[in-house]
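Chain by chain, the residues:
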Amino acid sequence: MNCRPVPSREEILAALEKKQGSVATAKLQAAVVAVCGLGGLGSNIAISLARSGIGKLILIDFDTVDITNLHRQQYKSSQVGLPKAEALLENLKEVAPYVQYEVHNEKVTAENAVRLLQKADIVCEAFDKADAKSMLVDVVLEQLPQKTLVAASGMAGFDSGNAIRTRKLTERFYLCGDGKSDVDQGIGLSAPRVMLCAAHQALTVIRLILGEKDA
Amino acid sequence: MLKINGENVDAAGKTLAQYLAEAGFNQVRIAVERNGEIVPKAKYGETVLAEGDCVEVVNFVGGG
């Protein structure tokens, strides 16, 4: 942490309006987005959305920062061992100090998802396990009928980034990724490929907030 | 005939649960979209596939 003064809320807002326009910035500032899972997808989604001036981010993960996370997740080497929710909050406050953050150091389950996510307009699924992804889709689309879900499947390995895309499956369900590259096949993970998928998710969230419903 | 993941499938009259089991899908790793709506997992057993349905089974893979 350095102790140099940070720009004021008004200065940051003026800078966002200069880059995004005042109409888009106002819409983004009024939005609440939840990010479920703060790993390679979630930490990168959160950073993108915070930089864009989202009004409020609800950030949820039960895990701690592992040394193997540093290669693609938005944590610092000094944060190994810290809860991800706490570490990411620290980093986000440096990047975008005037966004509202609500962090939960707990695991999202079918039982607590409604409580954790009810204030969000849009929910990002950013888990790593296929069964957790499937569970969240089921809970959000069935039990939270006002929410739109932006999920991801298939971003492991070193295949071309051009295979990563965004599809609209229903009015409330968008899916990013190549649909097939499974980390369990032992193909590894590449930082930029995971970040590409996270960027697809973050952009989809922003487009939805701006009223663009196409994938 | 109905379409599942872009293929013509002769599964009209079967429940979604029957089709998924026969096709080898693991229910805990998927999401099913049918005619523009997600079918909740709790309804797989009572959802009967009909002629002309358009279904997509999303098989989630790990990584994130």
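Quick note: structure is the one above.
Residues numbered from 1 in each chain as written. Chains lettered and ligands numbered in written order. Predicted model: local features only at pLDDT ≥ 70, side-chain atom pairs only at ≥ 80, totals over all residues. Heavy atoms only, no water.

### Some remarks on the overall build of chain A
Next, step 1: Broken down by element type, chain A carries seven helices and seven strands.
Next, step 2: Shown N-terminal to C-terminal, the secondary structure of chain A runs as helices and strands in the order α-α-β-α-β-α-β-α-β-α-β-β-β-α.
Next, step 3: A compact globule built from 215 residues would reach a C-alpha radius of gyration of about 17 Å, and chain A, at 16 Å, matches this within 12%.
Next, step 4: Overall, chain A is about 45 × 40 × 35 Å in size when its C-alpha atoms are taken along their principal axes.
Next, step 5: Across the 215 residues that make up chain A, the buried fraction comes to 52%.
Next, step 6: Within chain A, contacts between residues separated by at least 24 positions form 69% of all contacts whose residues are at least 6 apart in sequence.
Next, step 7: Looking at chain A as shown, the accessible area adds up to about 9900 Å², and 52% of this sits on carbon and sulfur atoms.
Next, step 8: Within chain A, one finds 25 positive and 25 negative side-chain charges whose respective centroids are separated by 5 Å. (Helix = DSSP H or I, 4+ residues; strand = E, 2+ residues; numbered from the N terminus. Rg over C-alpha atoms; globule rule 2.2 N^0.38 Å. Buried < 20%, exposed > 50% of the residue type's maximum accessible area, 1.4 Å probe, protein only. Contact = heavy atoms within 4.5 Å. Areas by Shrake-Rupley, 256 points an atom, 1.4 Å probe, with all protein chains shown as cover. Lys, Arg positive; Asp, Glu negative; His and termini not counted. Charge placed at Lys NZ, Arg CZ, Asp CG, Glu CD.)

### Side note on the interface of chain B and chain A
Next, step 1: Every contact between the two is made by 20 residues of chain B and, on the other side, 29 residues of chain A.
Next, step 2: Summed over both sides, the interface of chain B with chain A buries roughly 1900 Å², with 61% coming from carbon and sulfur.
Next, step 3: Of all residues in chain B, the largest losses of buried area upon contact with chain A belong to Phe-60, Val-61 and Gly-64 of chain B, amounting jointly to 35% of the total for that side.
Next, step 4: Viewed at the interface, chain A and chain B are joined by two salt bridges.
Next, step 5: Between Arg-29 of chain B and Asp-182 of chain A there is a salt bridge, with the nearest N and O atoms lying 3.6 Å from each other.
Next, step 6: At the junction of chain B with chain A, the criterion picks out 11 residue pairs in polar contact (both at pLDDT 80 or more).
Next, step 7: Contributions of two or more residues to the side of chain B that touches chain A are made by β3 (30–34), β4 (37–39) and β5 (54–59) of chain B.
Next, step 8: When the residues that make up the side of chain B that touches chain A are grouped by side-chain class, the tally is nine nonpolar, six polar and five charged. (Buried area = accessible area lost by both parts, 1.4 Å probe. Salt bridge = Lys/Arg side-chain N within 4 Å of Asp/Glu carboxyl O. Polar contact = N/O pair within 3.5 Å; in protein donor to acceptor, adjacent residues only side chain to side chain. Nonpolar A, V, L, I, M, F, W, Y, C, P; charged D, E, K, R; others polar.)

### Focus: the sheet that holds strand β7 (residues 173–177) of chain A
All names here are of chain A.
Next, step 1: Pairing in this open sheet of seven strands is mixed, and the strands run β3-β2-β1-β4-β5-β7-β6 from one edge to the other. Looking at which strands have only one partner, the edges of the open sheet turn out to be β3 (100–104) and β6 (165–170). Neighbouring strand axes in the sheet, compared pairwise and without regard to direction, differ in orientation by 20° on average.
Next, step 2: Here four bridges tie strand β1 (residues 32–36) to strand β4 (residues 122–125), and the two strands are oriented parallel to one another. Bridging across to β4, Val-33 finds its partner in Ile-122. (Pairing = 2+ DSSP bridges. Axes fitted to C-alpha atoms, helices over the stretch in contact; angles between N-to-C directions.)

### Comments concerning the pattern of salt bridges
All names here are of chain A.
Next, step 1: Under the criterion given, the structure shown has 12 salt bridges over all chains.
Next, step 2: In this structure, Lys-56 engages Glu-102 in a salt bridge whose closest nitrogen and oxygen atoms are separated by 3.0 Å. Residue Lys-56 is located in strand β2 (residues 56–60), and its partner Glu-102 is located in strand β3; the two are separated by 46 residues in the primary sequence. Here Lys-56 matches Glu-102 in class, with each residue buried.
Next, step 3: The residue Asp-128 makes a salt bridge to Lys-129 at a minimum N-O spacing of 3.8 Å.
Next, step 4: Salt bridges linked by common partners bring Lys-56, Glu-102 and Lys-119 together as one network.

### Structural notes on the environment of Ala-163 of chain A
Residue and element names in this part refer to chain A.
Next, step 1: Relative to the assigned elements, Ala-163 resides in the loop between β5 (148–152) and β6.
Next, step 2: In this structure, the C-alpha to C-alpha distance between Ala-163 and Ala-14, residues 149 residues apart in sequence, is 36 Å.
Next, step 3: Residues contacting Ala-163, with those up to four places away along its chain left out, are Gly-177, Asp-178 and Arg-193.

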